[in-house]
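# Structure assessment
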Amino acid sequence: MKIISKSEVQKIINMTDTLEYVEKVFVEYAAGKTVMPPRPVINVEDHHGSLLIMPAYIPGSQALGVKVVSVYPDNRAKNIRTIFAMLVLNDASTGEPIAIMDAEVITAYRTGAISGVAAKYLALEDADTVAIWGAGVQGRQQLVAICAVRKIKKIFVFDVNPPGRDKFVEEMKALLGIEVVGCDNEDEAMSQSQIIITATTSATPIITGKKLQPGTFISAVGGSTSQKQEIPEHIVGSATIIVDGYGAALKDAGDLLIPISKGIITEKSVKGDLGEVVTGKVKRSNKEEIILFKTVGLALQDICVAPHIYKKALEMGLGTEVSMS
Ligand SMILES: NC(=O)c1ccc[n+]([C@@H]2O[C@H](COP(=O)([O-])OP(=O)(O)OC[C@H]3O[C@@H](n4cnc5c(N)ncnc54)[C@H](O)[C@@H]3O)[C@@H](O)[C@H]2O)c1
């Protein structure tokens, strides 16, 4: 069995491949061919953290495995990363574990990729400006993915931590080669942006700007447990809602569950899932429609990428061979 470290995964993974794998797996998901039981979430309340166990089997690519991921927002204040994740990849024909790989980087890429795939189908074709809340680990790959599917010219960045935001702005400018600005004025950013990304660790709604532009596409990435909200309820109540997967979102998305519990929306307010979007069953209806894509993350997104990482590690001579016997 191979142990593949974070730095080794980083040498292998790229957004172009990840977008392709994630889009492809949602076609298989839409056909009902994938196996993905609901993920157990353990809330570790005394430490404000959670542990998620995410298994999946994807027959088309014979990908079988499980990701274990922890999310501890308070870690940031201790200078420890918020998310730790590892993935066990099994041989689908024998069940034998063939690799354990760090999945922190995989998580960031596949979470970026799902926003990228959703934006490819649901954002306005000519969208060229993005506003992002959350200058963290997810935020980076969110922007890389959006820039891969739309010709983005300008990005506004919001974060409660101005020094962290300014560092992020400099990094993203260098990485993307476009205009990236740190911003405090939400109304100014929202009046120019056709794409909004929220990728914060906040447990309560974050956007305070007054007016969304007609046609805005929002990808709500943070708040992926049932008690957390990132998106203000007036936006949830007025937007067309698309989710990554019905079962997962209606179990874990506080952004939907809390407004449902208050009668602001119902489960029926969800117009479609990403499988229906990539197979053309659900589409943007017009250029004015505001679309809220809520993702809590599906194991399929991780497991679809893992065999590629394993294969490339073998080809590139990466990873450490260990014996389990
Ligand atoms: N949907 C998914 O599949 C998925 C996958 C991974 C992570 N997540 C979630 O994404 C979120 C971000 O994860 P990360 O790894 O980037 O964390 P991170 O700690 O690296 O970054 C979070 C950023 O959000 C900022 N922030 C916190 N509250 C804010 C607020 N009110 N307004 C603006 N900025 C604020 C922090 O200062 C920080 O820069 C977490 O909630 C995590 O659970 C979701």
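Predicted model only: the values in this text are computed from it and were never measured.

### Here's the deal with a nonpolar patch on the surface
On the surface, Ile-3, Val-322 and Met-324 cluster together to form a nonpolar patch covering roughly 260 Å² of accessible area. Inspection of the secondary structure assignment puts Met-324 in the segment after strand 15 (320-321). A relative accessible area of 63% means that Met-324 is categorised as exposed.

### As for the domain arrangement of the protein
Many descriptions give the size of an interface as the accessible area lost when the pieces come together. One can read the domain layout of the protein as domain 1 (2-106 + 300-321) and domain 2 (124-298). Just the C-alpha atoms count here: the centres of domain 1 and domain 2 sit 23 Å apart. With 22 residues of domain 1 at the interface, the matching set in domain 2 holds 28 residues. In total, domain 1 and domain 2 occlude about 1,800 Å² of area from one another, counting both sides; carbon and sulfur atoms represent 62% of this. Two residues, Arg-39 and Asp-252, come together in a salt bridge whose shortest N-O distance is 3.0 Å. Along the contact surface separating domain 1 from domain 2 lie 6 residue pairs in polar contact (both at pLDDT 80 or more). Elements with a contribution of two residues or more to the side of domain 1 that touches domain 2: helix 2 (15-30), strand 2 (41-44), strand 3 (49-58) and helix 11 (299-303). Considered class by class, the residues forming the side of domain 1 that touches domain 2 number 13 nonpolar, 4 polar and 5 charged.

### Considerations on the pattern of salt bridges
Applying the stated criterion to the full structure yields 22 salt bridges. One salt bridge connects Lys-153 with Asp-128, and the closest N-O pair in it is separated by 3.6 Å. Linking Lys-153 in the loop between helix 4 (137-149) and strand 8 (154-158) with Asp-128 in the loop between helix 3 (104-122) and strand 7 (129-133), this pair joins segments that are 25 residues apart in sequence. For Lys-153, a relative accessible area of 57% gives the class exposed. A salt bridge links Glu-233 to Lys-262; the nearest nitrogen and oxygen atoms lie 2.8 Å apart. With Glu-233 in helix 7 (residues 233-238) and Lys-262 in the loop between helix 9 (254-261) and strand 13 (270-273), this pair connects stretches of sequence that are 29 residues apart. One salt-bridge network, in which partners are shared between bridges, spans Lys-6, Arg-81, Asp-102 and Glu-104.

About the criteria used
- Residues numbered from 1 in each chain as written.
- Predicted model: local features only at pLDDT ≥ 70, side-chain atom pairs only at ≥ 80, totals over all residues.
- Heavy atoms only, no water.
- Patch = residues over 30% accessible without salt bridge, like charges linked within 9 Å, V, L, I, M, F, W, Y side chains within 5 Å.
- Areas by Shrake-Rupley, 256 points an atom, 1.4 Å probe, with all protein chains shown as cover.
- Salt bridge = Lys/Arg side-chain N within 4 Å of Asp/Glu carboxyl O.
- Helix = DSSP H or I, 4+ residues; strand = E, 2+ residues; numbered from the N terminus.
- Buried < 20%, exposed > 50% of the residue type's maximum accessible area, 1.4 Å probe, protein only.
- Domains from an automatic or database assignment.
- Contact = heavy atoms within 4.5 Å.
- Buried area = accessible area lost by both parts, 1.4 Å probe.
- Polar contact = N/O pair within 3.5 Å; in protein donor to acceptor, adjacent residues only side chain to side chain.
- Nonpolar A, V, L, I, M, F, W, Y, C, P; charged D, E, K, R; others polar.

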